[in-house]
Amino acid sequence: MEKYKVSLRNRTNALSLVAAATLLIYVGLLMFRGGLPELPSFIKGFHIGAFIGVEVFVVSYLAKYMRASKSDTELKKLYIKENDERSSQILLSAGSLSMSVILVGLAIAAIVAGFFNSLVFYTLLAALLFILVIFFALMVYFSRKL
Amino acid sequence: MKTRIAELRKQHKLSQEELGLAVGVTRQTITSLEVGKYTASLVLAYKIAKYFGLTIEDVFDFSEVEEEM
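Residues numbered from 1 in each chain as written. Chains lettered and ligands numbered in written order. Predicted model: local features only at pLDDT ≥ 70, side-chain atom pairs only at ≥ 80, totals over all residues. Heavy atoms only, no water.

Peer 1: Describe the overall build of chain A, listing the residues and the values that go with them.
Peer 2: Summing up its helical and strand segments, chain A has five helices and zero strands in all. For chain A, the succession of helices and strands along the chain, N to C, is α-α-α-α-α. Over its C-alpha trace chain A gives a radius of gyration of 21 Å, far above what one expects of a compact globule, namely 15 Å for 146 residues. The principal-axis extent of the C-alpha atoms belonging to chain A is close to 60 × 45 × 25 Å. In chain A, buried positions account for 16% of the 146 residues. In chain A, once contacts between residues fewer than 6 apart in sequence are set aside, the share between residues at least 24 apart is 60%. Taken as a whole, chain A presents about 10,900 Å² of accessible surface, with 74% of it coming from carbon and sulfur. Across chain A, the centroid of the 15 positively charged side chains sits 2 Å from that of the 8 negatively charged ones. (Helix = DSSP H or I, 4+ residues; strand = E, 2+ residues; numbered from the N terminus. Rg over C-alpha atoms; globule rule 2.2 N^0.38 Å. Buried < 20%, exposed > 50% of the residue type's maximum accessible area, 1.4 Å probe, protein only. Contact = heavy atoms within 4.5 Å. Areas by Shrake-Rupley, 256 points an atom, 1.4 Å probe, with all protein chains shown as cover. Lys, Arg positive; Asp, Glu negative; His and termini not counted. Charge placed at Lys NZ, Arg CZ, Asp CG, Glu CD.)

Structure, rendered in structure tokens:
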């Protein structure tokens, strides 16, 4: 459990850095908005939502890690929750199925978009190729590792 | 896969949460094992059997696996 305690401390430090960096970037963007191109209000709203989302996510995890590091029982419960083999199996199954659905969905969307707009077509094609490259790179990595 | 986990757990007056904590899995995993929805890994099967002082074959029913072979 000592190794896990160290791992939680490292995660807490990394998350604190992420929270601070996100806040700095957002404040920076707010202060120098004049130098940026004018954006539609939906995109501005999306940016604000994304920054707030990251902050809320980071703060909730920080609170969880701090609570766990105060008590050995809570620490063990968190360790079990993170390392539970059935949960890992669920993630693995959901991940592999969603990968297939995403690949087929993107391919169909790219084909359909090709009839209407070439920019959307190339964007979807690039996303599809990017996912395929990552997928095969990870497949090679794990087939050597396991 | 059928198991004797629920029966052994009741004999030892243990809750699913307590058994889960002892063998390093969540309560939900113990539930799934008991109802036969999830098959334990070799390591988890070993931990559960060892916890009850039994062998893996005493806790887990391998008759279905043997039929497939």
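Peer 1: Outline the domain arrangement of chain A, supporting the account with residue identities and numerical values.
Peer 2: Along its sequence, chain A is carved into domain 1 (2–83) and domain 2 (86–145). Centre-to-centre, using C-alpha coordinates, domain 1 of chain A lies 27 Å away from domain 2 of chain A. (Domains from an automatic or database assignment.)

Peer 1: Please give an account of the side chain of glutamate 55 of chain A that cites residues and values.
Peer 2: Residue and element names in this part refer to chain A. Mapping glutamate 55 onto the fold places it in helix H2 (residues 41–70). Judged by its relative accessible area of 18%, glutamate 55 falls in the buried class. The residues contacting glutamate 55, other than those within four sequence positions of it, are Ala19, Thr22 and Leu23.

Peer 1: Explain the nonpolar core to me, and be specific about the residues and the numbers.
Peer 2: Grouped together as the largest cluster of nonpolar side chains are 19 residues, with contacts concentrated most on Ile5, Leu33, Ile48 and Phe60 of chain B. When contributions to this core are tallied by element, the ones reaching two or more residues are helix H1 (5–11), helix H2 (16–23), helix H3 (27–35), helix H4 (42–51) and helix H5 (56–59) of chain B. For this core, the element with the most residues is H4 of chain B, which contributes four residues. Residues in contact with isoleucine 5 of chain B, not counting those within four places in the same chain, are Leu19, Ile30, Leu33, Glu34, Ile48, Val59 and Phe60 of chain B. Grouped together as the second largest cluster of nonpolar side chains are ten residues, Tyr4, Leu15, Leu62 and Leu78 of chain A included. (Core = buried A, V, L, I, M, F, W, Y, C linked by side-chain atoms within 4.5 Å.)

Peer 1: Give me the lowdown on the interface of chain A and chain B, citing residues and values where you can.
Peer 2: Counting residues at the interface gives eight residues for chain A and 14 residues for chain B. For the pair chain A and chain B, the two sides together bury roughly 880 Å², of which 57% comes from carbon and sulfur. Joining chain A to chain B, the criterion identifies zero salt bridges. Between the two partners, chain A and chain B, sit six residue pairs in polar contact (both at pLDDT 80 or more). Those elements giving two or more residues to the side of chain A that touches chain B turn out to be helix H3 (72–83) and helix H4 (85–114) of chain A. In terms of residue count, H3 of chain A provides more of the side of chain A that touches chain B than any other element does, four residues in total. Split by residue class, the side of chain A that touches chain B holds one nonpolar, one polar and six charged. (Buried area = accessible area lost by both parts, 1.4 Å probe. Salt bridge = Lys/Arg side-chain N within 4 Å of Asp/Glu carboxyl O. Polar contact = N/O pair within 3.5 Å; in protein donor to acceptor, adjacent residues only side chain to side chain. Nonpolar A, V, L, I, M, F, W, Y, C, P; charged D, E, K, R; others polar.)

Peer 1: Break down the side chain of serine 32 of chain B for me, citing the residues and quoting the values.
Peer 2: Tracing the sequence through the fold places serine 32 of chain B in helix H3. Residue class for serine 32 of chain B comes out buried when judged on its relative accessible area of 7%. The contact partners of serine 32 of chain B, leaving out residues within four places of it in the chain, are Arg86 of chain A together with Lys37 and Tyr38 of chain B.

Peer 1: I'd like a description of the packing of aromatic side chains, backed by residues and values.
Peer 2: Residue and element names in this part refer to chain A. In total, this model carries eight aromatic pairs over all chains according to the counting rule given. Between phenylalanine 121 and tyrosine 122, the ring centres sit 5.2 Å apart and the planes meet at 65 degrees, which makes this aromatic pair edge-to-face. Ring geometry for phenylalanine 135 and phenylalanine 136: centres 5.3 Å apart, planes at 75 degrees, overall edge-to-face. Its relative accessible area of 46% is what places phenylalanine 136 among the partly exposed residues. (Phe/Tyr/Trp six-rings, centres within 6.5 Å; stacked < 30°, edge-to-face > 60°.)

Peer 1: Could you give an account of H3 of chain B, naming the residues involved and the relevant values?
Peer 2: Taken as a whole, H3 of chain B has its buried residues at Thr29, Ile30, Ser32, Leu33 and Glu34 of chain B. Considering only its buried residues, H3 of chain B is in contact with H4 of chain A together with H1, H2 and H4 of chain B. One or two positions beyond H3 of chain B, positive phi appears at glycine 36 of chain B, with a value near 80 degrees.

Peer 1: Tell me about a nonpolar patch on the surface, residues and numbers included.
Peer 2: Residue and element names in this part refer to chain A. A cluster of nonpolar side chains, namely Val104, Ile108, Ile111, Val112, Phe115 and Phe116, defines an oily patch on the protein surface of about 700 Å² accessible area. Looking at the secondary structure, you find phenylalanine 115 in the loop between H4 and helix H5 (118–145). Given a relative accessible area of 68%, phenylalanine 115 falls into the exposed group. (Patch = residues over 30% accessible without salt bridge, like charges linked within 9 Å, V, L, I, M, F, W, Y side chains within 5 Å.)

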